[in-house]
2 protein chains.
Amino acid sequence: MASDPLYTTVVPPEWVDYNGHLRDAYYGLICSYATDALMDQIGLDAAGRACTHGSLFTLESHIHYLHEVKLGAQVQVQLQLLGCDAKRLHIFLRLVLSGRAEPVAVCEQMLLHVDIRGPRSAVFPTDVLARVQGMAAAHRALPVPALVGRVMQLPGALPS
Amino acid sequence: MASDPLYTTVVPPEWVDYNGHLRDAYYGLICSYATDALMDQIGLDAAGRACTHGSLFTLESHIHYLHEVKLGAQVQVQLQLLGCDAKRLHIFLRLVLSGRAEPVAVCEQMLLHVDIRGPRSAVFPTDVLARVQGMAAAHRALPVPALVGRVMQLPGALPS
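Here is what the cut-offs are and how they apply
Residues numbered from 1 in each chain as written. Chains lettered and ligands numbered in written order. Predicted model: local features only at pLDDT ≥ 70, side-chain atom pairs only at ≥ 80, totals over all residues. Helix = DSSP H or I, 4+ residues; strand = E, 2+ residues; numbered from the N terminus. Rg over C-alpha atoms; globule rule 2.2 N^0.38 Å. Least-squares fit on C-alpha atoms with pLDDT ≥ 70 in both. Contact = placed C-beta atoms within 7 Å. Pairing = 2+ DSSP bridges. Core = buried A, V, L, I, M, F, W, Y, C linked by C-beta atoms within 7 Å. Buried ≥ 20, exposed ≤ 12 C-beta atoms within 10 Å, placed from the backbone. Axes fitted to C-alpha atoms, helices over the stretch in contact; angles between N-to-C directions. Parallel < 35°, antiparallel > 145°, perpendicular 65-115°, else oblique. Nonpolar A, V, L, I, M, F, W, Y, C, P; charged D, E, K, R; others polar.

Asker: Sorry if this is basic, but what is going on with the overall build of chain A here?
Answerer: When helices and strands are tallied, chain A shows 3 helices and 6 strands. Secondary structure of chain A in N-to-C order comes out as β-α-α-β-β-β-β-β-α. Against the 2.2 N^0.38 benchmark of 15 Å for 160 residues, chain A shows a C-alpha radius of gyration of 17 Å, consistent with a compact globule. The principal-axis extent of the C-alpha atoms belonging to chain A is close to 45 × 40 × 30 Å.

Shown next as structure tokens:
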């Protein structure tokens, strides 16, 4: 897991639910903003998108909620690139409170590069692909996190 | 899949991203509000929560994004209860545009009943459990949707 956070935010009042905790969907919004930051890093920022008409669409997102998060908490998002091909990124995000090691949530996502003029799937521009492949090489030695690929089921349910 | 929608909303401007589409996290917010509506249906509304100190925490949420949704679209959420035990609900939500059959997204979630005074997991109050079991009986004959339990992976990747 990369140690430099991809994205950092502080939980505002409008993200907190009647239990006084960060509402489940806003963990997802933090992941969404982190993915925007990833786009900036690989050259799919606003300028890049205007030039190539490329953007990332989320195909799937699987969040595991591990701990409550309260109003005003500072949340950092760490990225691990699990895999990629010519038009897809398979990513893993860890949400941690600043100064803590244990994640409050983790999120596995599949992202697709899309030409928004279709919209239709499209291979990454050459410079973006080079950055993605550089990141993949840097993350290749990292262990696969335990919750990746976990199938949701009630305790005691038999695997089908 | 139950035909009566659990929850209906219209996509407001603040949920739309730079692509002019509903941002991924706000599909999750629609699911979150639908789950609030489910809580109302089973007796975990504000009055019930004040009485029993029980609430539902989301343990996992896995969204499959199938189609873009635009500003002003009316989105309905349909519920299928996949399973339950004394303190958990395993649910499946279909997000459809009003008047259409094909979902724009589906979401599988595991929800845990929690006594918020801990917080600690807790069995459902008797009347809530009766409603949950009635719903489970009504949904038992429904086929399991194709995307339930799907493991995220890049195309061509071998199952591990």
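Asker: Sorry, what's going on with the relation of the copies chain B and chain A here?
Answerer: The relation between the two copies of this chain is a rotation about an axis and a shift parallel to it. Rotating chain B by 180° and translating it 0.0 Å along the rotation axis places it on chain A, where the RMSD comes to 0.0 Å. Between the two chains, the operation in question is that of a two-fold axis. Identified as the residue of chain B closest to the rotation axis by C-alpha distance is His62(B), at 2.0 Å.

Asker: Is there a simple way to explain the interface of chain B and chain A in this structure?
Answerer: Often, the extent of an interface is quoted as the loss of accessible area on bringing the components together. Tallying the contact residues gives 29 residues for chain B and 28 residues for chain A. At the level of elements, helix H1 (24-42), strand E2 (54-65), strand E4 (88-97) and strand E5 (103-115) of chain B are the ones that each hand at least two residues to the side of chain B that touches chain A. The greatest single-element share of the side of chain B that touches chain A, amounting to 9 residues, is contributed by E2(B). Summarising the sheet, strand E2 (residues 54-65) of chain A and E2(B) pair through 5 bridges and their orientation is antiparallel. Note on E2(B): the bridge partner recorded for Ser61(A) is Ile63(B).

Asker: Teacher, can you tell me more about the nonpolar core here?
Answerer: Side chains of a nonpolar character, in soluble globular proteins, are inclined to be buried together. Membership of the largest hydrophobic core comes to 76 residues, with the highest contact counts inside it found for Tyr27(A), Val77(A), Leu93(A), Tyr27(B), Val77(B) and Leu93(B). With residues near it in sequence (within four places) discarded, Leu93(B) still touches Cys31(B), Ala34(B), Val77(B), Leu79(B), Val106(B) and Cys107(B).

Asker: Looking at this structure, how should I read the packing of helix H1 (residues 24-42) of chain A against H1(B)?
Answerer: For any two helices packed against each other, one specifies the inter-axial angle together with the distance between the axes. The contact between H1(A) and H1(B) brings their axes to 8 Å, and the two run at 180°. What the angle tells us is that H1(A) and H1(B) run roughly antiparallel. Contacts between H1(A) and H1(B) pair Asp24(A), Ala25(A), Gly28(A), Leu29(A) and Ser32(A) from the former with Asp24(B), Ala25(B), Gly28(B), Leu29(B), Cys31(B) and Ser32(B) from the latter. Counted by class, the contact of H1(A) with H1(B) contains 5 nonpolar, 4 polar and 2 charged residues.

Asker: So what exactly am I meant to see when it comes to the environment of Lys70(B) here?
Answerer: Residues and elements named next belong to chain B. Among the structural elements, Lys-70 can be located in the loop between E2 and strand E3 (74-84). Placed 51 residues apart in sequence, Lys-70 and Asn-19 show a C-alpha to C-alpha distance of 9.5 Å. With sequence-adjacent residues up to four places away left out, Lys-70 is seen in contact with Val-11, Gly-20 and His-21.

Asker: Even after reading the chapter, I still don't get unusual backbone geometry, so can you show me in this structure?
Answerer: Glycine aside, the phi torsion of most residues is negative, and most peptide linkages are trans. Residues and elements named next belong to chain A. Omega for the peptide link from Gly-118 to Pro-119 comes to -10°, which places this bond in the cis form. By the secondary structure assignment, Pro-119 is in the loop between strand E5 (103-115) and strand E6 (120-121). Despite not being glycine, His-53 shows a phi value in the positive range, around 65°. In this structure, His-53 sits in the loop between helix H2 (46-52) and E2. Judged by the 15 C-beta atoms lying within 10 Å of it, His-53 falls in the partly exposed class.

Asker: I would appreciate a short explanation of the environment of Met152(A) in the present structure.
Answerer: Residue and element names in this part refer to chain A. Structurally, the position occupied by Met-152 is in the segment after helix H3 (126-139). For Met-152, a count of 18 C-beta atoms within 10 Å translates into the label partly exposed. The sequence separation of Met-152 and His-62 amounts to 90 residues, and the corresponding C-alpha distance is 9.8 Å.

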